[in-house]
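# Residue-level structure breakdown
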Amino acid sequence: MPNSPLTPGIVPGRLPAEAYDRNFGDLYPPFDRHEAAVAADRCYFCHDAPCVAACPTAIDIPLFIRQIQAGNPEGAAKTILSQNILGGMCARVCPTETLCEEACVREAAEGQPVEIGRLQRYATDALMARGIHPFTRAAPTGRRVAVVGAGPAGLACAHRLALHGHEVTVFDARPKPGGLNEYGIAAYKTAGGFAQAEVEWLLKIGGIRIETGKALGRDLALEDLRRDFDAVFLGIGLAGVNALAAEGEDCAGVRDAVDFIAELRQTADLSRLPIGRDVVVIGGGMTAVDAAVQAKLLGAENVTIVYRRGRAAMGASAYEQEHAAATGVRIITGAAPLRIIGNGAVREVEFAYTEEGPEGLRLTADTFRLKADQVFKAIGQTLAGVPEGLKLAGRKIAVEGPGRTSLPGVWAGGDCAAGGDDLTVTAVAEGRDAAEDIHRKLMAG
Amino acid sequence: MANLATEFVGIRSPNPFWLASAPPTDKEYNVVRAFRAGWGGVVWKTLGAEGPPIVNVNGPRYGVVWGPDRRVLGLNNIELITDRPLEVNLREIKQVKRDWPDRAMVVSLMVPCDEESWKAILKRVEETEADAVELNFGCPHGMSERGMGSAVGQVPEYIEMVTRWCKMHTRMPVLVKLTPNITDIRYPARAAKRGGADAVSLINTISSITSVNLDTMSPEPSIDGKGTHGGYCGPAVKPIALNMVAEIARDPETAGLPISGIGGITTWRDAAEFLALGAGTVQVCTAAMTYGFRIVQEMIAGLSDWMDAKGYSSVAEVTGRAVPNVTDWQYLNLNYVTKARIDQQLCIKCGRCYAACEDTSHQAIWMKPGRVFEVNDAECVACNLCVDVCPVEGCITMERLPAGAVDARTGRVVSGDYANWTTHPNNPMARAAE
């Protein structure tokens, strides 16, 4: 008998075969021409537009939307990509509801912003579908830059450096480039192998070599890179994960949400990916939502997110929370895990309700248990494998201005660097700005 | 990337996008902002003769026609020529031209209809080192009542006379700005050419009342309960302007006369259309007044991208390219037979094509059970109304019947030969085919 959502344990194929394509296809299908025209018509071409101010990469949004209106989506794409070379991915994964679209004057006027993200996708898709790379590399400068990490920050940095004529080598620990775009974002946000397609498109600028399977500290030493290259950019992300520090954490069936998402993203046939019947996700950020929603979409019967603070404190936006709820995920807030109960494999998780007090969060005596055969931990990632000699700010690499670290000739950006939100779009901005700074420095002699 | 630089009657500009003579070009502050935003040139707002400055109304100057979602489709205005002292304008023009030597600086003029007045102002403008003058024979309100603006532009003899004076008294190129408030644009254009004009620019604004306030029974814009006709411009006037530009471009008497196209240009596409119909540069006002100077960035990028895609390397290559295809009705091919085709996959079953055809055209669309709309070829005259009212792009198309096919409406076999009204048997004036 085939498996169903009711099959106990962690098993694959809970859904009919055709359900997987539907569940993991585009969350929002791309606009067709007419839809794009209607959506674009709503833009007022605001002066000193609030949406631009709200975009970490400061894309000229009114201009690109006007270019769509005027029947020039590829020109619109150029406007986008000149500021944000990963504009295609950002169109898919940006929390636009808390960035450009939240700032849109029509959000204030009507509670219905111009659909900037989907319009951005329309434009960038139009250009990429034609295989056009609209930028031309400057004459070679003879300078060589090492970029560590082929995620959004590293790729944005590498592209901008290559554009200026520098020779760039990008190292990444994983087998494929893309970083979180490839390994860490919900599949339905970047369907159809977009992450790799975008990297291939980006590399058309020329002058960028990617070496995968090379991790800093394992296969590479910062000292060697500093010696062998004219500059080094670190976009190494947050490779570590926080532990629960709850009893029973080592039970079978308990794993990090990021590992689950990475495995899901690398699984070609999702009907073969096992998932629990009763899944509990601990945490309140985007990773928690991405793990929970995808668990549900794989056919788990019950999926519950449990977060220790209140809803407003959740890292996932209200929009993400609603999306989770609409998918059938239950969200419990104000409860923290006490222990994981199971004999070898997890069976239940016990939580205590919490109270916010002047001295911080406090566990109450009021407890409850959730049935669980699979638990995903999504309580945050941490910087890991930082080379010695780099000054830290809090738990991240300290940077000044456009990503300058405490070591001469070494820049950093993206999630590993202090400051800024841990968003794809922020990483792109930091990588781009560091590249400009590196360029200035290299050309100054 | 296509080179957008233009040379128009000796006036160089980095792109063909000029701001028309209007409020946006009334002073240095605006013009400098425009140049910073990327505009290729300006026609400075019309200067009048020396003397006490012009007086404007102190109530609303602009009326508007909105499309859905309050999109500005048309503006009208009752503002007069510059109300700033001549001296100040001239000083600023000189300064701006000095600071921005690569941009076109054309000065619009309107003075009383006597030779001395024109001679005097031309001398003053020459001192600014502006690139050219544009004679404002177009404004339909206020100044026309004083024998200027469209009062001159509506009398071809006056146009010719004043143009000749100007050509006599200045070395600067002379552009003559034409009013559309006439019956046939070719007459004033021919007059300008006879007078020696280097170019014409058109259209100026169209006499208009944008709306009536039904509570106060006052036309808008209302000044203390009364209104007057203003000059209408913006996207709504573009088709009128395109036709007038094309008429001048294809008139044997004026063919080749450089044209600066004006009228509702809002996007690169509008501009490209004016160029194709014979314009060498374009002038913009309402789009800038609605969206700000930054709008030119879309125009520059769009025109350049389109020229690249089409393989045009200069604006001059685009100018006039559609002119040979503008003809008289009598030369249209009557053997070009098309029928409407409705794509059932794209049809959203709104029935607008049916309503339009059934009520107002040729009853050539069937409405079948399940709201299926199909064309009845036996009635379809190919009027295109269904295409025009269909809300879905590409859903209804006009397909040409190949030669040899039978037109179900006429029962005749479609001929592959070109044949027009001049030789049609029903035409009493038809020339013999032999």
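Just so it is clear, the model here is predicted, and its values are computed rather than measured.

Helices and strands together make up the secondary structure of chain B, namely 13 helices and 20 strands. Its C-alpha atoms give chain B a radius of gyration of 25 Å, within 12% of the compact-globule value 22 Å for 434 residues. Expressed as lengths along the three principal axes of its C-alpha atoms, the size of chain B is roughly 75 × 60 × 45 Å. Relative to its 434 residues, chain B shows a buried fraction of 52%. If you sum the accessible surface of chain B, you get close to 19,800 Å²; carbon and sulfur atoms cover 53% of it. With 43 positive and 49 negative side-chain charges, chain B shows a separation of 2 Å between the mean positions of the two kinds.

Scanning chain A from terminus to terminus reveals 17 helices and 17 strands. By principal-axis analysis of the C-alpha atoms, chain A measures approximately 65 × 55 × 50 Å. For chain A, the proportion of its 445 residues judged to be buried stands at 55%. For chain A, the proportion of contacts with a sequence separation of at least 24, taken over those separated by at least 6, is 70%. A total of about 18,400 Å² of accessible surface is found on chain A, and carbon and sulfur atoms cover 50% of it. Between the averaged position of the 46 positive side-chain charges in chain A and that of its 55 negative side-chain charges there is a distance of 3 Å.

Glancing now at the domain arrangement of chain A. A common way to express how large an interface is: the accessible area buried when the components associate. Residues and elements named next belong to chain A. Taken as a whole, chain A is organised into domain 1 (33-129), domain 2 (144-239 + 383-443) and domain 3 (243-256 + 264-380). Using C-alpha coordinates to define each centre, domain 1 is positioned 26 Å away from domain 2. Taken together, the contacts link 20 residues of domain 1 with 21 residues of domain 2. Between domain 1 and domain 2, a total of about 1,800 Å² is buried, with carbon and sulfur atoms accounting for 76% of that surface. Considering only the side of domain 1, the residues that lose the most area to domain 2 are I85, L86 and M89, jointly responsible for 37% of the buried surface there.

Right, let's talk about the side chain of B:N136 for a bit. All names here are of chain B. You can see N136 is positioned in strand 8 (residues 132-136). Here T46 takes part through its side chain, which lies 3.0 Å from a polar atom of the side chain of N136. The contacts of N136, once residues within four sequence positions are left out, are T46, I81, S108, L109, M110, G149, K177 and N204.

Taken residue by residue, the interface counts 20 residues in chain A and 17 residues in chain B. Taken together, the two surfaces of chain A and chain B that pack against each other cover about 1,500 Å², and 39% of this comes from carbon and sulfur. It is A:F45, A:R66 and A:A70 that lose the most area in chain A upon contact with chain B, and together they represent 37% of the buried surface on that side. At the boundary of chain A and chain B, one finds five salt bridges. A salt bridge links B:D305 to A:K78; the shortest N-O distance between them is 2.6 Å. Linking chain A with chain B are seven residue pairs in polar contact (both at pLDDT 80 or more).

Core analysis: the largest hydrophobic core is formed by 86 residues, its most contacted members being B:W39, B:W118, B:V125, B:V176 and B:L202. Element by element, the count of residues in this core is highest for helix 7 (residues 238-250) of chain B, at seven residues. The residues touching B:V125, leaving out its near neighbours within four places in the chain, are B:L47, B:L90, B:V107, B:L109, B:A130, B:V133 and B:M172. Within the second largest apolar cluster, 66 residues are counted, among which are A:I65, A:I85, A:V145 and A:C157.

Applying the stated criterion to the full structure yields eleven aromatic pairs over all chains. When the ring of B:W118 is compared with that of B:F137, the centres are 6.2 Å apart and the planes differ by 80 degrees; the resulting orientation is edge-to-face. A residue pair is termed long-range when its members are at least 10 positions apart, and B:W118 in helix 3 (residues 115-126) and B:F137 in the loop between strand 8 and helix 4 (150-153) qualify at 19 residues. One exposure class covers both B:W118 and B:F137, and it is buried. Seen in terms of ring centroids, B:W306 and B:Y312 are 5.4 Å apart; in terms of plane orientation they differ by 50 degrees. Their pairing is tilted. On the basis of relative accessible area, B:W306 is assigned to the partly exposed category, the value being 22%. Owing to a relative accessible area of 17%, B:Y312 belongs among the buried residues under this scheme. Grouping aromatic residues by their ring pairs yields a cluster made of A:F351, A:Y353 and A:F368. Positioned above the aromatic ring of B:Y291, the side-chain terminus of A:R66 is 4.2 Å from the ring centre.

On to the pattern of salt bridges. Residues and elements named next belong to chain A. Under the definition given, this model contains 58 salt bridges over all chains. The residue E301 makes a salt bridge to R277 at a minimum N-O spacing of 2.7 Å. Separated by 24 residues along the polypeptide, E301 in the loop between helix 15 (286-297) and strand 8 (302-307) and R277 in the loop between helix 14 (257-265) and strand 7 (278-282) bring together distant segments of the chain. By relative accessible area, which is 19% here, R277 ends up buried.

Residues and elements named next belong to chain A. Examined bridge by bridge, strand 8 and strand 9 (residues 330-333) share four bridges and lie parallel to one another. Residue pairing for strand 9: T304 is matched across the bridge by R330. After leaving strand 8, the chain enters helix 16 (residues 318-327) and then returns to the sheet as strand 9, a path that is right-handed.

With that out of the way, let us pick up the confidence of the model for chain B. Low pLDDT means the predicted atomic positions in that stretch should not be read closely. Looking at chain B as a whole, the pLDDT averages 96, with 99% of positions reaching at least 70. Listed scores for the predicted complex are pTM 0.92 and ipTM 0.89.

Every buried residue of helix 14 of chain A is listed here: A:A257, A:F260, A:I261, A:A262, A:L264 and A:R265. Each element contacted by the buried residues of helix 14 of chain A is listed here: helix 1 (17-24), helix 11 (180-183), helix 12 (194-202), strand 6 (254-256), helix 15 and strand 13 (374-377) of chain A.

Residue and element names in this part refer to chain A. Locating D437 in the fold gives a position in helix 17 (residues 424-443). Exposure remark for D437: the relative accessible area of 5% places this residue in the buried category. Those residues in contact with D437, other than ones at most four positions away along the chain, are P402, R404 and W411.

Another point: the pairing of strand 15 (residues 259-262) of chain B. Residues and elements named next belong to chain B. Neither face of strand 15 is open: one carries I259 and G261, the other S260 and I262, and all of them are buried. The pairing of strand 15 with strand 16 (residues 279-284) spans four bridges and is classified as parallel. Bridging across to strand 16, I262 finds its partner in Q283. For the handedness criterion, the β-α-β arrangement of strand 15, helix 8 (residues 268-276) and strand 16 is classed as right-handed.

Turning to the sheet that holds strand 2 (residues 167-172) of chain A, a few remarks are in order. Residue and element names in this part refer to chain A. Taken together, the five strands give an open sheet; going across it, the order is 3-2-1-4-17, and neighbouring strands pair in parallel fashion. Looking along the sheet, the strands with just one partner apiece sit at the ends: strand 3 (208-212) and strand 17 (410-412). Between one strand and the next, the sheet's axes are offset by a mean angle of 20 degrees, whatever the strand orientation. With five bridges connecting them, strand 1 (residues 144-148) and strand 2 associate as parallel partners. Following the sheet pairing, V147 is matched in strand 2 by V170. Across the sheet, helix 10 (residues 152-163) is in contact with strand 1, strand 2, strand 3 and strand 4 (231-234); its angle to strand 1 comes to roughly 165 degrees.

So, how was this worked out
- Residues numbered from 1 in each chain as written.
- Chains lettered and ligands numbered in written order.
- Predicted model: local features only at pLDDT ≥ 70, side-chain atom pairs only at ≥ 80, totals over all residues.
- Heavy atoms only, no water.
- Helix = DSSP H or I, 4+ residues; strand = E, 2+ residues; numbered from the N terminus.
- Rg over C-alpha atoms; globule rule 2.2 N^0.38 Å.
- Buried < 20%, exposed > 50% of the residue type's maximum accessible area, 1.4 Å probe, protein only.
- Areas by Shrake-Rupley, 256 points an atom, 1.4 Å probe, with all protein chains shown as cover.
- Lys, Arg positive; Asp, Glu negative; His and termini not counted.
- Charge placed at Lys NZ, Arg CZ, Asp CG, Glu CD.
- Contact = heavy atoms within 4.5 Å.
- Domains from an automatic or database assignment.
- Buried area = accessible area lost by both parts, 1.4 Å probe.
- Polar contact = N/O pair within 3.5 Å; in protein donor to acceptor, adjacent residues only side chain to side chain.
- Salt bridge = Lys/Arg side-chain N within 4 Å of Asp/Glu carboxyl O.
- Core = buried A, V, L, I, M, F, W, Y, C linked by side-chain atoms within 4.5 Å.
- Phe/Tyr/Trp six-rings, centres within 6.5 Å; stacked < 30°, edge-to-face > 60°.
- Lys NZ or Arg CZ within 6 Å of the ring centre and 35° of its normal.
- Pairing = 2+ DSSP bridges.
- Right-handed = clockwise from strand over helix to strand, strands pointing away.
- pLDDT = per-residue confidence, 0-100.
- Axes fitted to C-alpha atoms, helices over the stretch in contact; angles between N-to-C directions.

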